[in-house]
Amino acid sequence: EENAYSVAARMENFTGKEQKGQLWTNAMVAPGGTNHVLADLKWILPTNQILVHSTNDGDLPAAHGLISWPQYGDRDLANSATWTGWLGGFALPSADRGSFAAVYNPQADEGLVKTFSNRTMPGLKFFGWGSGVNPAVYTDDDSSYAELWGGITPTFWDNATFPPNSALGWGERWQPVAHTGGVGRAMAWGTVA
């Protein structure tokens, strides 16, 4: 029995002219079965640098600032308990960026893994809430979530070029993982701690 699912995103240009545009998917997740993201959610983003999209953490650069990942100074940003507010950023495509991303709830010992092709999905974005943000700011039912995005462009500030009568898109595969103690590496057909 297979415990995974696939998503395909595609945008078509049926015109005879070149077009510009963006295409993004966003999964709002809360691993652990409680509809809450705990303060020490683990982010597994196989990259060594993040371009900040937005944050209200005063110790991090503002939008467009580059930060090292996962260590930034003495902080392990892969643990959202080290955030003083929200944080969103892009793992830019590079030879060093892996082809998966994951979130893991260490208290529930479970998470979600997304695998994809770096060639067809250059955009990889994350967003989450640090411990300093009251959920009442963004929800009326005390729930919380984290976001993993995929896109046809590296950032929200870029546009893709769609040649006449063409299509751009990608596929991604999502796997639940549990009782592994975390995620170390992943590919479309499996995950290891």
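A. A look at the overall build of the protein chain. Within the protein chain, the secondary structure is distributed over 0 helices and 17 strands. Scaling as 2.2 N^0.38, a compact globule of 193 residues should have a C-alpha radius of gyration of about 16 Å, and the protein chain matches this with 17 Å. Dimensions of the protein chain along its principal axes, counting C-alpha atoms only, are 50 × 45 × 35 Å. The 193 residues of the protein chain split such that 45% are buried.

B. How the structure looks around the confidence of the model for the protein chain. Averaged over every residue, the pLDDT of the protein chain is 92; residues scoring 70 or more account for 97%. Ranking the elements of the protein chain by mean pLDDT puts strand β17 (residues 190-192) last, at 72, and strand β9 (residues 87-90) first, at 98.

C. Looking closely at the pattern of salt bridges. For the coordinates displayed, the defined rule picks out 3 salt bridges. Among the salt bridges present, the one from E12 reaches R10, with a minimum N-O distance of 2.7 Å. On the basis of relative accessible area, E12 is assigned to the partly exposed category, the value being 38%. With its nearest N and O atoms 2.5 Å apart, the salt bridge here joins D57 to R75. Of this pair, D57 sits in the loop between β5 (49-55) and β6 (66-68) while R75 sits in strand β8 (residues 75-76), placing them 18 residues apart in sequence. As far as the burial class goes, D57 and R75 line up, both buried.

D. Examining unusual backbone geometry more closely. Look at the link from W69 to P70: it is a cis peptide, with omega at 0 degrees. Position of P70 among the secondary structure elements: in the loop between β6 and β7 (71-72). The phi dihedral of N35 is positive, around 65 degrees, even though this residue is not glycine. Relative to the assigned elements, N35 resides in the loop between β3 (24-29) and β4 (42-44). Accessibility expressed as a relative area gives 45% for N35, which makes it partly exposed. Look at D142: it is not a glycine, yet its phi comes out positive at around 65 degrees. Residue position: D142 is located in the loop between β12 (123-128) and β13 (146-151).

E. Quick look at the nonpolar core. Among the nonpolar cores identified, the biggest contains 31 residues, and W43, L45, I50, W69, F126 and L148 are the most heavily contacted of them. Contributions of two or more residues to this core are made by β3, β5, β10 (100-105), β12, β13, β14 (160-162) and β15 (166-178). Dropping the residues within four chain positions of it, F126 is found in contact with W43, L45, I50, W69, W83, L87, G88, G89, E147 and L148.

F. Representation of the side chain of T25 in the model. Within the secondary structure, T25 sits in strand β3. Residues in contact with T25, not counting those within four places in the same chain, are A9, K114, L148, W149, G150, W170 and E172.

G. Structural detail: the sheet that holds β10. Across the sheet, which stays open at both edges, the 5 strands sit in the order β1-β15-β11-β10-β4 with antiparallel pairing between neighbours. Because the sheet does not close on itself, it has two edges, and the strands there are β1 (5-13) and β4. Mean inter-strand twist for the sheet, computed between neighbouring axes without regard to direction, equals 15 degrees.

What counts, and where the lines are drawn
- Residues numbered from 1 in each chain as written.
- Predicted model: local features only at pLDDT ≥ 70, side-chain atom pairs only at ≥ 80, totals over all residues.
- Heavy atoms only, no water.
- Helix = DSSP H or I, 4+ residues; strand = E, 2+ residues; numbered from the N terminus.
- Rg over C-alpha atoms; globule rule 2.2 N^0.38 Å.
- Buried < 20%, exposed > 50% of the residue type's maximum accessible area, 1.4 Å probe, protein only.
- pLDDT = per-residue confidence, 0-100.
- Salt bridge = Lys/Arg side-chain N within 4 Å of Asp/Glu carboxyl O.
- Core = buried A, V, L, I, M, F, W, Y, C linked by side-chain atoms within 4.5 Å.
- Contact = heavy atoms within 4.5 Å.
- Pairing = 2+ DSSP bridges.
- Axes fitted to C-alpha atoms, helices over the stretch in contact; angles between N-to-C directions.

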